[in-house]
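Letter by letter, the chains look like this.
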Amino acid sequence: MKLLFTNFHDGDGGGHTTYILGLAAGLAGRHAVHVAAPPGSRLNREARAIPGVAVLDQPFPNGLGRLPARARARRQLAAYLRRERFDIVHVNGSADHRLVMSAVRGIRPRPPIVLTKHNSKPMTGLGHAWRSRFGTDQVIAVCEFVRRQVLASPYARCRVATVFNGVDIGRFLPRPADPARRAAWLEPAAAEEPLLIGSNAGTARYKGWMDLVEALALLAPDQRSRLRVVLAGGLPKAEDLARVEALGVAPQVHFTGRLDDVRPMVAALDAGFVLSWDVETISFACREMMAMGKPVLVSDYAGLPENIRAGEDGWVVRARDREAIADALRRLLAERDALPAMGHAARLHAEAEFGMERFVDATEAVYAALLRDFSSNA
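Thresholds, definitions, all that
Residues numbered from 1 in each chain as written. Predicted model: local features only at pLDDT ≥ 70, side-chain atom pairs only at ≥ 80, totals over all residues. Heavy atoms only, no water. Pairing = 2+ DSSP bridges. Helix = DSSP H or I, 4+ residues; strand = E, 2+ residues; numbered from the N terminus. Axes fitted to C-alpha atoms, helices over the stretch in contact; angles between N-to-C directions. Phe/Tyr/Trp six-rings, centres within 6.5 Å; stacked < 30°, edge-to-face > 60°. Buried < 20%, exposed > 50% of the residue type's maximum accessible area, 1.4 Å probe, protein only. Lys NZ or Arg CZ within 6 Å of the ring centre and 35° of its normal. Salt bridge = Lys/Arg side-chain N within 4 Å of Asp/Glu carboxyl O. Right-handed = clockwise from strand over helix to strand, strands pointing away. 1 Å grid on protein atoms, 1.4 Å probe; cavity = no way out; pocket = protein on both sides within 12 Å on 5 of 7 lines; lining within 4 Å. Points joined across faces, edges and corners; volume = space filled by probe spheres on them. Nonpolar A, V, L, I, M, F, W, Y, C, P; charged D, E, K, R; others polar.

Participant: Quick rundown of the sheet that holds strand β9 (residues 227-232)? Include the residues and the values.
Facilitator: Pairing is parallel in the open sheet, where 6 strands are placed in the order β10-β9-β8-β11-β12-β13. Either end of the sheet is taken by a strand with one partner, and the two such strands are β10 (253-257) and β13 (314-317). When strand polarity is set aside, the average angle formed by the axes of neighbouring strands in this sheet is 20 degrees. Sheet topology places strand β11 (residues 271-274) next to strand β12 (residues 296-299); 3 bridges connect them, and they run parallel. Note on β12: the bridge partner recorded for G272 is V296.

The following block contains the structure:
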């Protein structure tokens, strides 16, 4: 197959970028893989480092005020599509989906278009109705929660498949903590070594990290003193830092800033958490922490609970419920001796279900089935 992946993000791109890079790397040895992404984006830069992957510097300008730029971008993409004659075009967001729909106009035969839904936002309105009818042949849902959303939307008329996101379980392996790093995040010093919990899911507000911090502040002083929190991602806004200070827990909460490699931070943890309450679907971060042998506390939002076997390799609490999160923290303290066994169970779960090969093979099977039906109905 000849495959084109598109993504509109001109910066980091978060999970969209991680998703496409995983597929591109996994499929490049079997198929002709191309990526169209804005110049300067993380996807554009990192895709160029994957052997066998061709990259197009492709902007995806959006908004009525950028009509001339959109026209230029459409002409460039349309010329690329005509020249390369892709078997599948796999879009990953509304902006690139719209431009692809416009660019394939008049191309015969038109390549089938696959859409992956990466977030929990509603699929309503005229734009989704239009794209579902005239520019989507297959939808991939990254968890069962998203599948239910898709089937309740205009995209229910399309082919729909669930393919759970995969992580590189060979890269995200359990490993010993670096003593110096862990010691730094366990500050301030205490008579008994504190329990270190953390997240590599980022510091956007919807990731729920502030709910965790507010729950920490609800604990009795002796319980609170036995916990430390570390968060990887961009430094929070000043008002968020002020809130942490006002809660009286600032000395116990550590921010690493953005990390090129989160594994040393994850290795230092006793347990992880992802407590999202918006946008999230199933969370690469959660699966990475579990692959590294960490039990994870998740909210019951979207597909997050689909990662966890509650009580075996993690815990599930109601989203935004600070009292429930505080109860979970008390449980972690009470069951501290059980955390290594839960982490081992998390790693076994990851090996069984989260691997990149499983993810790539399942996506490839979706493409193959779509092409068979698309060709027979042409």
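Participant: Talk me through the packing of aromatic side chains; I want residue IDs and the actual numbers.
Facilitator: Throughout the structure, instances matching the rule amount to 4 aromatic pairs. Measuring from ring centre to ring centre gives 4.4 Å for W130 and F134, while their planes differ by 50 degrees; the resulting arrangement is tilted. Placement of the pair is W130 and F134 together in helix α5 (residues 126-134), with a separation of 4 residues, close to one helical turn. On the basis of relative accessible area, W130 is assigned to the exposed category, the value being 53%. With 5.5 Å between their ring centres and 85 degrees between their planes, W209 and F255 make a pair best called edge-to-face. Of this pair, W209 sits in helix α8 (residues 209-218) while F255 sits in strand β10, and the two are 46 residues apart along the sequence. W209 sits in the buried class, given a relative accessible area of 1%. Residue placement shows K2 over the ring face of F86; its charged tip is 5.8 Å from the ring centre. Above the plane of the ring of F172 lies R171, whose end atom (NZ or CZ) is 5.3 Å from the centre.

Participant: Describe the pairing of strand β8 (residues 195-199), listing the residues and the values that go with them.
Facilitator: A large share of β8 lies buried, amounting to 5 of its 5 residues. Of the two faces of β8, the one lined by L195, I197 and S199 and the one lined by L196 and G198 are each fully buried. Bridge analysis of β8 against β9 gives 5 bridges, and the strand direction is parallel. Counted as the bridge partner of L196 is R228 from β9.

Participant: Requested: an account of the pattern of salt bridges, with residues and values cited.
Facilitator: Counting across every chain of the model gives 27 salt bridges. For R322, the salt bridge is made with D211, and the minimal N-O distance between the two is 3.2 Å. With a gap of 111 residues between them, R322 in helix α13 (residues 322-334) and D211 in helix α8 connect regions that are remote in the sequence. The class of R322 is partly exposed, set by a relative accessible area of 26%. By relative accessible area, which is 1% here, D211 ends up buried. Of the charged contacts, one joins R318 and D321 as a salt bridge, the two residues approaching to 2.7 Å between their closest N and O atoms. Of the residues examined, R318 reaches a relative accessible area of 55% and is grouped as exposed. A single network of salt bridges, built from pairs that share partners, joins D211, E214, R243, R320 and R322.

Participant: Break down the pairing of strand β4 (residues 88-91) for me, citing the residues and quoting the values.
Facilitator: Burial of β4 is two-sided: the residues I88 and H90 facing one way and the residues V89 and V91 facing the other way are all buried. Here strand β1 (residues 2-6) pairs with β4 via 3 bridges, running parallel. Bridge assignment links L4 to a residue of β4, and that residue is V89. By the bridge criterion, 3 bridges tie β4 to strand β5 (residues 113-117) in an arrangement that is parallel. Residue V91 lies in a different strand from β5, and its bridge partner there is L115. Viewed along the sheet, the connection from β4 through helix α4 (residues 94-103) into β5 turns out right-handed.

Participant: Let's hear about the layout of surface pockets: which residues, and what values?
Facilitator: Taken as a whole, the second largest pocket holds about 480 Å³ of empty space. Residue classes in the lining of the second largest pocket are distributed as 9 nonpolar, 5 polar and 10 charged.

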